[in-house]
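One letter stands for each residue in the lines below.
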Amino acid sequence: MSLWIYPGSFDPVTVGHMNIIERAASLSGRLIVAVLRNTGRSPIFTMEERLELLRLATSGIPGVTVESFGGLLAEYARLRGASAVVRGVRRASDYEYETQMALMNRRINPGMDTIFLPAEPAYAPLSSTVVRDVGMLGGDLTGLVPDAILDRVQKKLRAMN
Ligand code: COA
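Residues numbered from 1 in each chain as written. Predicted model: local features only at pLDDT ≥ 70, side-chain atom pairs only at ≥ 80, totals over all residues. Heavy atoms only, no water.

1. Some thoughts on the sheet that holds strand β3 (residues 64-69)
Ordered by their spatial adjacency, 5 strands build an open sheet running β3-β2-β1-β4-β5, and the pairing between neighbours is parallel. Edge positions in the open sheet fall to β3 and β5 (113-118), since each of these has one partner strand only. Strand-to-strand twist of the sheet, defined as the mean angle between neighbouring strand axes without regard to direction, takes the value 30 degrees. Pairing of strand β2 (residues 29-36) with β3 involves 6 bridges; the strand directions are parallel. (Pairing = 2+ DSSP bridges. Helix = DSSP H or I, 4+ residues; strand = E, 2+ residues; numbered from the N terminus. Axes fitted to C-alpha atoms, helices over the stretch in contact; angles between N-to-C directions.)

This is how it looks when you write it as structure tokens:
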């Protein structure tokens, strides 16, 4: 059993993220889903909301915990004793960006590697931005976010329009 970290902004978590979480947890045995604190962007969902939505969505998946982190990902992984960071790759442009980050992270923490999991084709067009846009314009988010959080995400986004 090893410990991996799945980092991201999760604003909000989507079914695409859930697919990566389920696969990574079953491969590693223990997975920390880590929500980035000091992102340059202004998230729609607060940190507390994103943590709670992730906890609700992942409560049935063995070995998964959810927490926030700040600073360098590679240092955070070292602190937690994680052997790998996992990232979902949806298309070629993701891969280009992710390999650059993976190499830099390994330079900072040579004890850590990055595992790329290819996104299932059904989830390739999905992003948190797509979910936010559809939700704010009153669209149905069924099948885009996990069922366990559908009502909460839908309500918050509709209220913002
Ligand atoms: N399914 C659906 N959507 C996915 C997805 C998947 N499998 N994988 C990624 N996405 C989407 C996200 O929803 C997000 O969408 P949005 O832009 O519409 O909101 C987008 O892809 C970006 O992904 P995300 O993982 O949230 O952010 P990021 O690419 O900015 O990376 C970190 C986040 C945490 C990995 C990175 O910023 C980091 O490591 N920060 C720490 C500081 C650090 O160490 N920097 C040095 C790195 S060398």
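2. Description of the nonpolar core
Grouped together as the largest cluster of nonpolar side chains are 33 residues, with contacts concentrated most on I21, L31, V33, L54, V86 and V153. Those elements giving two or more residues to this core turn out to be β1 (2-8), α1 (15-28), β2, α2 (47-58), β3, β4 (84-89) and α6 (150-159). With 6 residues, the top contributor of residues to this core is α1. Those residues in contact with V153, other than ones at most four positions away along the chain, are P12, F45, L53, L141 and V145. Counting 11 residues, the second-largest nonpolar core is a separate cluster that includes L73, Y76, A82 and V85. (Core = buried A, V, L, I, M, F, W, Y, C linked by side-chain atoms within 4.5 Å. Buried < 20%, exposed > 50% of the residue type's maximum accessible area, 1.4 Å probe, protein only. Contact = heavy atoms within 4.5 Å.)

3. Brief notes about the side chain of T14
Secondary-structure assignment places T14 in the loop between β1 and α1. At 3.1 Å, the side chain of T14 forms a polar contact with the backbone nitrogen of G16. (Polar contact = N/O pair within 3.5 Å; in protein donor to acceptor, adjacent residues only side chain to side chain.)

4. Overview of α6
Residues of α6 that are buried include every one of L150, V153, Q154 and L157, and no others. Looking straight down α6, one finds that the buried residues subtend no more than 95 degrees of arc, so they occupy a single side. Of the exposed residues in α6, the ones pointing more than 90 degrees away from its buried face are D151, K155 and A159. (Arc of directions from axis to C-beta.)

5. Details of the side chain of E98
Take E98: it is sitting in helix α4 (residues 92-108). Exposure remark for E98: the relative accessible area of 4% places this residue in the buried category. Sequence-distant contacts of E98, that is, excluding residues within four places in its chain, are made with R87 and F116.

6. Structural notes on the pattern of salt bridges
Evaluated as defined, the whole model comprises 9 salt bridges. Taking the shortest distance from any N to any O, the salt bridge between R132 and D11 comes out at 3.5 Å. Of this pair, R132 sits in helix α5 (residues 128-136) while D11 is found in the loop between β1 and α1, placing the two residues 121 residues apart along the sequence. For R132, a relative accessible area of 14% puts it in the buried group. With a closest N to O distance of 4.0 Å, D94 and R91 form a salt bridge. On the basis of relative accessibility, which here comes to 10%, the residue D94 falls in the buried class. Three or more residues are tied together by salt bridges with common partners; here these are R90, R91 and D94. (Salt bridge = Lys/Arg side-chain N within 4 Å of Asp/Glu carboxyl O.)

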